[in-house]
Amino acid sequence: MSKPLHRLPSLDPLKGFDAAARHLSFTKAAAELFLTQSAISRQIQTLEAQLGVRLFRRAARGLSLTPEGEVLQRAVAET
């Protein structure tokens, strides 16, 4: 997260990130939060754009966290 934050991200994308990071699945995160998979995907894209970093590695076999995503996951889990 090398880009300085001029404002904090909104809570909805952070909630979506937290659920997706715990499950390593946008689909399971969506089910947990009663949203669609595409809504979670958009929240993650918004958060990545605001922070200026990639949070997930997307592959055919699923998701994994980037190093920056791991840092954010630990920070979110502490709150």
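Remember, it's a predicted structure, so these values are computed and weren't measured experimentally.

(A) Expanded view of the pattern of salt bridges. All told, the structure shown has four salt bridges when counted by the stated rule. For Asp 12, the salt bridge goes to Lys 15, with nearest N and O atoms at 4.0 Å. Of this pair, Asp 12 and Lys 15 are both found in helix α1 (residues 11-23), three residues apart, which corresponds to roughly one turn of the helix. Lys 15 gets classed as partly exposed once you look at its relative accessible area, which sits at 48%. Here Arg 58 makes a salt bridge to Glu 48, at a shortest N to O gap of 3.3 Å. A residue pair is termed long-range when its members are at least 10 positions apart, and Arg 58 in strand β1 (residues 56-59) and Glu 48 in helix α3 (residues 37-51) qualify at 10 residues. Among the residues examined, Arg 58 registers a relative accessible area of 37% and is labelled partly exposed. Residues joined by salt bridges that share partners form a network here, namely Asp 18, Arg 22 and Glu 32.

(B) Highlighting the nonpolar core. The biggest cluster of nonpolar side chains holds 19 residues, and the ones touching the most others in it are Phe 17, Phe 26, Ile 40, Leu 47, Leu 55, Phe 56 and Leu 72. Breaking this core down by element, the ones donating at least two residues are α1, α2 (26-33), α3, β2 (62-65) and α4 (67-78). Leave out the neighbours within four places in its chain, and Phe 26 touches Ala 20, Gln 37, Ile 40, Ser 41, Ile 44, Phe 56, Arg 58 and Leu 63.

(C) The arrangement of the environment of Thr 79 in detail. Inspection of the secondary structure assignment puts Thr 79 in the segment after α4. A relative accessible area of 83% places Thr 79 in the exposed class. As for Thr 79 and Ile 44, which are separated by 35 residues in sequence, their C-alpha atoms are 19 Å apart.

(D) A look at the pairing of β2. Only one face of β2 is covered, namely the face carrying Leu 63 and Leu 65; the face carrying Gly 62 and Ser 64 is uncovered. Where β1 hands over to β2, the hairpin turn is made up of two residues, counted between the paired strands.

(E) Region of interest: the packing of aromatic side chains. Summed over the entire model, instances satisfying the criterion amount to two aromatic pairs. On the numbers, 5.6 Å between centres and 55° between planes, the contact of Phe 17 with Phe 56 is tilted. Here Phe 17, found in helix α1, pairs with Phe 56, found in strand β1; they are 39 residues apart in sequence, far enough to count as distant. You'll find Phe 17 and Phe 56 in the same group, each marked buried. Both rings, one in Phe 26 and one in Phe 56, keep their centres 5.5 Å apart while their planes meet at 90°; by these two values the pair is edge-to-face. One end of the pair, Phe 26, is in helix α2; the other, Phe 56, is in strand β1, with 30 residues separating them in the sequence.

The rules behind these values
- Residues numbered from 1 in each chain as written.
- Predicted model: local features only at pLDDT ≥ 70, side-chain atom pairs only at ≥ 80, totals over all residues.
- Heavy atoms only, no water.
- Salt bridge = Lys/Arg side-chain N within 4 Å of Asp/Glu carboxyl O.
- Helix = DSSP H or I, 4+ residues; strand = E, 2+ residues; numbered from the N terminus.
- Buried < 20%, exposed > 50% of the residue type's maximum accessible area, 1.4 Å probe, protein only.
- Core = buried A, V, L, I, M, F, W, Y, C linked by side-chain atoms within 4.5 Å.
- Contact = heavy atoms within 4.5 Å.
- Pairing = 2+ DSSP bridges.
- Phe/Tyr/Trp six-rings, centres within 6.5 Å; stacked < 30°, edge-to-face > 60°.

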